[in-house]
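Each chain is listed here by its residues.
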Amino acid sequence: QVQLVQSGGGLVQAGGSLRLSCAASGRTFSSYAMGWFLQAPGKGRDFVASITWSTSMTSYADSVKGRFTISRDNAKNTVYLQMNSLKPEDTAVYYCASRSVLTYEYDHWGQGTQVTVSS
């Protein structure tokens with residue numbers, strides 16, 4: 001099992017910045033990559049960004065390109081999501097997830113953290 005504990009988030013005005021963290025523990029060797037997802041009220045969970053542990057290859061949703069940056073600290077088994085130029089439509093619960101090296105599916109999830117951007 002991989003345990004993921006999130007921190008960060010909160011309330012910020014439009015144009016502001018926040019940083020989310022996701023610390024992984026347990027069988028972290030089974031994790032190929034980490035991703036961030038968001039879930040707005042009444043909607044499904046959408047992909048935001050991902051990063052591989054070994055090569056730091058990143059991927060972003062078009063809606064966040066140029067505003068959000070995903071990074072990782074292998075020594076701390078922690079992944080970050082730096083969110084800049086936040087917009088009200090970024091308001092959502094954000095989840096980090098671990099992608100399995102065996103199945104390439106996101107099979108472990110953090111507890112979620114609320115991000116609210118006021119206009």
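Residues numbered from 1 in each chain as written. Predicted model: local features only at pLDDT ≥ 70, side-chain atom pairs only at ≥ 80, totals over all residues. Heavy atoms only, no water.

What about the sheet that holds strand S8 (residues 78-83)?
One open sheet accounts for four strands, arranged S1-S3-S8-S7; its pairing is antiparallel. Lying at the two open borders of the sheet, with one neighbouring strand each, are strand S1 (2-8) and strand S7 (68-73). When strand polarity is set aside, the average angle formed by the axes of neighbouring strands in this sheet is 20 degrees. Taken together, the six bridges between S7 and S8 define a ladder with antiparallel strand orientation. Across the sheet, residue Phe-68 finds its bridge partner in S8, namely Met-83. (Pairing = 2+ DSSP bridges. Helix = DSSP H or I, 4+ residues; strand = E, 2+ residues; numbered from the N terminus. Axes fitted to C-alpha atoms, helices over the stretch in contact; angles between N-to-C directions.)

Things to note about the packing of aromatic side chains
Scanning the model with the defined rule gives five aromatic pairs in all. Between Tyr-106 and Trp-109, the aromatic rings sit 6.4 Å apart at their centres with planes inclined by 50 degrees, giving tilted as the arrangement. For Arg-45, the ring lying beneath its charged end belongs to Tyr-95, and the centroid distance is 3.8 Å. The lysine or arginine in question, Arg-45, covers the ring of Trp-109, its NZ or CZ lying 4.7 Å from the ring centre. (Phe/Tyr/Trp six-rings, centres within 6.5 Å; stacked < 30°, edge-to-face > 60°. Lys NZ or Arg CZ within 6 Å of the ring centre and 35° of its normal.)

Some details on the nonpolar core
The biggest cluster of nonpolar side chains holds 28 residues, and the ones touching the most others in it are Trp-36, Val-48, Phe-68, Leu-81, Met-83 and Tyr-94. Contributions of two or more residues to this core are made by S1, strand S3 (18-26), strand S4 (31-39), strand S5 (45-52), S7, S8, strand S9 (92-100) and strand S11 (113-118). Per-element tally for this core: the top contributor is S3, with four residues. Discounting chain neighbours no more than four positions away, the residues touching Leu-81 are Leu-18, Arg-19, Leu-20, Trp-36, Val-48, Ala-49, Phe-68, Thr-69, Ile-70 and Tyr-94. (Core = buried A, V, L, I, M, F, W, Y, C linked by side-chain atoms within 4.5 Å. Buried < 20%, exposed > 50% of the residue type's maximum accessible area, 1.4 Å probe, protein only. Contact = heavy atoms within 4.5 Å.)

Considering the side chain of Ser-50
When you line up the elements, Ser-50 lands in strand S5. Accessibility expressed as a relative area gives 11% for Ser-50, which makes it buried. Apart from residues no more than four positions distant in its own chain, Ser-50 is found in contact with Met-34, Gly-35, Met-57, Thr-58, Ser-59, Ile-70 and Tyr-106.

Digging into the environment of Asn-77
Within the fold, Asn-77 resides in the loop between S7 and S8. Distance from Asn-77 to Thr-28, taken between C-alpha atoms, is 7.8 Å for residues 49 residues apart in sequence. Setting aside residues up to four positions removed in sequence, Asn-77 forms contacts with Cys-22, Ala-23, Ala-24, Thr-28 and Trp-53.

Some remarks on the state of the cysteines
Taken as a whole and judged by the stated rule, the model has one disulfide. Shown here is the disulfide that connects Cys-22 with Cys-96, its sulfur atoms set 2.1 Å apart. Negative torsions about the S-S bond denote left-handed disulfides, and the value of about 60 degrees found for Cys-22 with Cys-96 makes this one right-handed. A residue pair is termed long-range when its members are at least 10 positions apart, and Cys-22 in strand S3 and Cys-96 in strand S9 qualify at 74 residues. There is no split in this pair, since Cys-22 and Cys-96 are both buried. (Disulfide = S-S within 2.5 Å.)

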